[in-house]
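# Observations on the model geometry
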Amino acid sequence: MQLERDGSTTPEATRASDARMPGRGVLAWVGPGLLVAATGVGAGDLATAGFAGSKLGYAVLWAVVLGAGIKFVLNEGLARWQIATGTTLLEGMVTRFGRAVMIVFGVYIVAWSFFVGSALISACGVTMHGLVPFPSDLGVFKDEAQAGKVVYGAAHSVVGVVLVWLGGFRWFERVMGVCVALMAVAVIVTAVLVRPDWGAVAAGVVSPRVPRSGDPLQWTVAVMGGVGGTLTVLAYSYWMREAGRGGGGTGADGAGAAAGVHAADMKRCRVDLLVGYSFSALFGVAMIIIASGIEVSGRSSGLIVGLAGQLEAKVGPAGRWVFLVGAWAAVASSLLGVWQSVPYIATDYAGLMGLKCRRVAGGAIDPRGWAYRGYLIALAVVPIAAVMWDFSKVQKRYAIMGAAFIPILGLVLLVLNGRKAWIGERFRNRWWTQAVLVATLVLTVIAAWMEVTG
C-alpha cells in the first residue's frame, strides 16, 4: 500500500485542538455516533418501520430496541479493533485474510454504491415532491410525480457533492447535526400527535412477543435488521480518525505508552455509539407508533408520502407537514452521509489494493485526493441513470445488498476480535459479545432469506 502523507498533527493534538474549538465539546464526544445513526436511517428503514407498525402495531417495538443493540455491538467491535491495532477493519481484513477477500469486497462496494445511490436519490426526489409538488412534467416525464422524483433527486445529489467537496468534515458534521435535530423533533412530535396508548407502547418495548398474524416473523426480523445501516457501519472507522481517535494502536498485548489514551478513546466511542443507536431506536419506535393502526401501501419513499396523507386525515395538515419534514431530513441526511463516507471506504480499498492514495497525518484519508473525489462524483452521478427505473425493483436490490453485508461483518468481527494474538487480551471479544455476534449471524441470514424469497 502506497501512501502520501503530509503534515505533522498527531491524534492527540487533534483532540486538544477540537477541545479548544467553540461548540465542539458535545460533538467531540457524540459526533461520529450521531453521524452513523443519521446515515443509517434511510427511506427503506422508514418504510420497513411503517409497514411493521401498520401490520403488527406496538408488538414489534422490542425488535427495534434489540436491533439497535445489535448494531451497537457490531460498531463497538469495529472501534475496538481500530483502537487496539491502529488499523481500519478493511486493513485488518487484508492483513489477516488476504487480497482475494478484498477483490470480492471491491465488487460488492461498487454494486452497493449503485443501487443504494439510486435508491437515495429517488427517495429524496419523491419526499421533496411530497413537500413541494413539482409544477410540470416538463414534456419529458409521464407526470409531475416522476418529474419531481428525477429533478429533485438529481438536485439533492448535486447539493450533496458540493457540501462534501467544499465544506470539510466539520461543516458536514454540523449539517448532519441539524438534520438529526429535524428528524428527532418532527417524528417525535408526530408520534405525540397521534395520541398513542403509552402504556401499550411501554409494554411493546419491554415485553418481547411475536403476533400470530400478518407475517409476524418476517416483519419482526426485518425491523430488527433495518435499524442502524449496513455498509455505512464501516464509515465509523474514518469518522473516528477525523475525531482523532484510535490512530496508533496499543499492540497485541494492549500495553504501551499510549494505553491510557486509547482507553479514553474506547470510552468515547462507547458513549457516542450508545447515543447514536439510542437515537436510532427512538426514531424507529416513533415510526412504528405513527404507523400503528393506519393502513399503508406502496414501497419505500412512496409509502412514506402515502402515510403522510393518511396522517393528514387523522391529525390535520400540521401532522402531515411535520412528518414529511422529518422524513425528508432522514433521507437527505442519509444521502449526505453516504456521499461523504463511502468515498472514504472506497479510497481505503484502493490504497490497500496498491493504488497511490493521499493521506494526512494520523492515517486519515485526505478528502482532497483524486481517489476520494473521483468516487464521490461517480457515486453522485452514475446512479441517476437508474432513477427512471421502477423504484420497487431498485429498492429490492438495495435491501438484498444491505442484508448480505451484516452477517459478513459479524463473521469478520468474530474472527478478528476473537484472536488474542491479533488484538490483545484487553480488547478481545468477551463471551457475551461472541454470543451477540453469533445471534446476529443467525438473524440476518434469516432476514436475507426472507427478503430474497418474499
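Everything that follows concerns the structure shown earlier in this document.
Described in the following lines is the structure provided in the data block. No experiment lies behind these values; they were computed from the predicted model shown.

Quick notes on the rules
- Residues numbered from 1 in each chain as written.
- Predicted model: local features only at pLDDT ≥ 70, side-chain atom pairs only at ≥ 80, totals over all residues.
- Heavy atoms only, no water.
- Helix = DSSP H or I, 4+ residues; strand = E, 2+ residues; numbered from the N terminus.
- Buried < 20%, exposed > 50% of the residue type's maximum accessible area, 1.4 Å probe, protein only.
- Contact = heavy atoms within 4.5 Å.
- Core = buried A, V, L, I, M, F, W, Y, C linked by side-chain atoms within 4.5 Å.
- Patch = residues over 30% accessible without salt bridge, like charges linked within 9 Å, V, L, I, M, F, W, Y side chains within 5 Å.
- Areas by Shrake-Rupley, 256 points an atom, 1.4 Å probe, with all protein chains shown as cover.
- Salt bridge = Lys/Arg side-chain N within 4 Å of Asp/Glu carboxyl O.
- Disulfide = S-S within 2.5 Å.
- Axes fitted to C-alpha atoms, helices over the stretch in contact; angles between N-to-C directions.
- Parallel < 35°, antiparallel > 145°, perpendicular 65-115°, else oblique.
- Left-handed = near helix turned anticlockwise from the far one by under 90°.
- Nonpolar A, V, L, I, M, F, W, Y, C, P; charged D, E, K, R; others polar.

## Some details on the overall build of the protein
Looking only at helices and strands, the protein features 17 helices and 2 strands. Counting the 454 residues in the protein, one finds 57% classified as buried. For the protein, the proportion of contacts with a sequence separation of at least 24, taken over those separated by at least 6, is 84%.

## Quick word on the environment of Ala 264
Along the chain, the position of Ala 264 falls in helix α11 (residues 259-291). With 19 residues separating them along the chain, Ala 264 and Arg 245 place their C-alpha atoms 9.0 Å apart.

## A closer look at the nonpolar core
Counting 126 residues, the largest nonpolar core has Leu 46, Leu 89, Phe 105, Leu 231, Leu 234, Phe 283 and Trp 339 as its most contacted members. Here this core takes 16 residues from helix α13 (residues 317-352), the largest share from any one element.

## Re a nonpolar patch on the surface
Where nonpolar side chains cluster on the molecular surface, the patch consists of Val 158, Val 162, Trp 165, Leu 166, Ile 377, Val 381 and Val 382 and spans about 630 Å² of accessible area. Contributing elements (two or more residues each) for the nonpolar patch: α7 (144-193) and α14 (370-381). Considering each element in turn, the nonpolar patch owes the most residues, 4 residues, to α7.

## Some thoughts on the side chain of Thr 433
Mapped onto the elements, Thr 433 comes out in helix α17 (residues 431-453). For Thr 433, a relative accessible area of 3% corresponds to the buried category.

## Concerning the state of the cysteines
Tallying each qualifying case throughout the model produces 0 disulfides. The structure places no disulfide on Cys 124, whose sulfur is separated from the nearest cysteine sulfur, that of Cys 179, by 9.7 Å. With a relative accessible area of 0%, Cys 124 lands in the buried category.

## Digging into the packing of helix α5 (residues 89-97) against α13
At a minimum axis distance of 10 Å, the contact between α5 and α13 shows a crossing angle of 25°. When the axis of α5 is compared with that of α13, the two are roughly parallel. The way α5 lies across α13 gives a crossing that is right-handed. On the side of α5, the interface is formed by Leu 90, Glu 91 and Val 94, while α13 contributes Ile 345, Asp 348, Tyr 349 and Leu 352. A class-by-class count of the residues in the contact of α5 with α13 yields 5 nonpolar, no polar and 2 charged.

These figures capture arrangement, not role.
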